[in-house]
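Chain by chain, the residues:
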Amino acid sequence: NAGVTQTPKFQVLKTGQSMTLQCAQDMNHNSMYWYRQDPGMGLRLIYYSASEGTTDKGEVPNGYNVSRLNKREFSLRLESAAPSQTSVYFCASSVTGESYEQYFGPGTRLTVT
Amino acid sequence: AQTVTQSQPEMSVQEAETVTLSCTYDTSESNYYLFWYKQPPSRQMILVIRQEAYKQQNATENRFSVNFQKAAKSFSLKISDSQLGDTAMYFCAFMSSNFGNEKLTFGTGTRLTIIP
C-alpha cells in the first residue's frame, strides 16, 4: 500500500496563477483532510470531507476550493494564488469513527511569488 | 473552539537522557482524543502516541509515554533513552470524539534536538 500520496511535491506559482494539489489514498478511508503548515503556527485545517460527496470548511478555507472526486481522491484548488498562500500543504485520511488516527501524505511545498 | 498550547518552542537534550515536552489544551468536551505527532526533517507526519480522555491509564509506546492530567488539561510527552533519530518537531493535537467531527487541532510545535 502506498498510503496517502500527494502531487506535486514542490511548486512555484506567480501571484494570480491557479493550480490544483492532488491527493489520493489507497486505505479505503472515508474521511480526508487538507491542512496547511506555516512556520510557528502548526498545522491548520483548510477543508475536510467526511465521506464521498461531502465537504466542509475548516479553520482557514478562504482562497481555496476542494473536490472529493471519489472515495480515494481529494483535491485542493487555488483559483488565484496569493503570496499569503505560500505554505506546506498536507493531505490526510482516516476511517470515520475508528481509531481516530489520521494518516498523512508527504506534503507539497508551495511558493507564491 | 478547542485550543492547544505548546509553550516550549525549542528543546535540546543529550543522547540517552530523558526529556519531557509539555502540552496544555482547552475544551468544554468531556470525551476526546489527544495525540503526539512527530515531524522529522523529511517532513512526514508520524503518529507517536494516542490517548483517549475516558481512559485514566497513561498511554505508552516503547520509549514514549504520556502524563495525562484531565482535570488540569495537560498532556505531556516523555521520551526515555533519547536517540538521535528522535530529533524532530513534535506536535500535540486534540480531536473531538463526536462522530463525523474528527478534525485535528494542533499546537505550534516543539523543536527537539538530540545532542550526540
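Note that the structure is a prediction, hence the values are computed from the model and not measured.

### Points about the interface of chain B and chain A
- Every contact between the two is made by 22 residues of chain B and, on the other side, 26 residues of chain A.
- The junction of chain B with chain A conceals about 1,900 Å² of combined surface from both sides, 56% of it contributed by carbon and sulfur atoms.
- Taken as a group, Arg43(B), Glu102(B) and Lys103(B) account for 32% of the area that chain B buries against chain A, more than any other trio of residues on that side.
- Remark: the boundary between chain B and chain A carries zero salt bridges.
- Going through the elements one at a time, β5 (32-39), β6 (46-52), β10 (88-96) and β11 (104-106) of chain B are the ones with two or more residues in the side of chain B that touches chain A.
- A total of four residues in the side of chain B that touches chain A trace back to one element, the largest contributor, which is β5(B).
- Taken together, the residues of the side of chain B that touches chain A break down into 10 nonpolar, eight polar and four charged.

### Topic: the sheet that holds strand β3 (residues 19-25) of chain A
Residues and elements named next belong to chain A.
- Taken in spatial order, the four strands make up an open sheet running β1-β3-β8-β7, and their pairing is antiparallel. Where the open sheet ends on each side, the last strands, each with one partner, are β1 (4-7) and β7 (64-68). Between one strand axis and the next, the sheet turns through 15° on average, direction left out of account.
- Two elements, β3 and strand β8 (residues 74-78), share three bridges in a ladder whose sense is antiparallel. Paired with Thr20 across the strands is Arg77, a residue of β8.

### Overview of the state of the cysteines
- Per the counting criterion, the structure on display carries two disulfides over all chains.
- Sulfur-sulfur distance for the disulfide between Cys23(A) and Cys91(A) comes to 1.9 Å. The sign of the -70° torsion about the S-S bond sets the Cys23(A)-Cys91(A) disulfide as left-handed. Residue Cys23(A) is found in strand β3, and its partner Cys91(A) is found in strand β9 (residues 87-94); the two are separated by 68 residues along the sequence. Accessibility classification places Cys23(A) together with Cys91(A) in one group, the buried group.
- In this model, Cys23(B) is linked to Cys92(B) through a disulfide, with the two sulfur atoms separated by 2.0 Å.

Definitions and cut-offs
- Residues numbered from 1 in each chain as written.
- Chains lettered and ligands numbered in written order.
- Predicted model: local features only at pLDDT ≥ 70, side-chain atom pairs only at ≥ 80, totals over all residues.
- Heavy atoms only, no water.
- Contact = heavy atoms within 4.5 Å.
- Buried area = accessible area lost by both parts, 1.4 Å probe.
- Salt bridge = Lys/Arg side-chain N within 4 Å of Asp/Glu carboxyl O.
- Helix = DSSP H or I, 4+ residues; strand = E, 2+ residues; numbered from the N terminus.
- Nonpolar A, V, L, I, M, F, W, Y, C, P; charged D, E, K, R; others polar.
- Pairing = 2+ DSSP bridges.
- Axes fitted to C-alpha atoms, helices over the stretch in contact; angles between N-to-C directions.
- Disulfide = S-S within 2.5 Å.
- Buried < 20%, exposed > 50% of the residue type's maximum accessible area, 1.4 Å probe, protein only.

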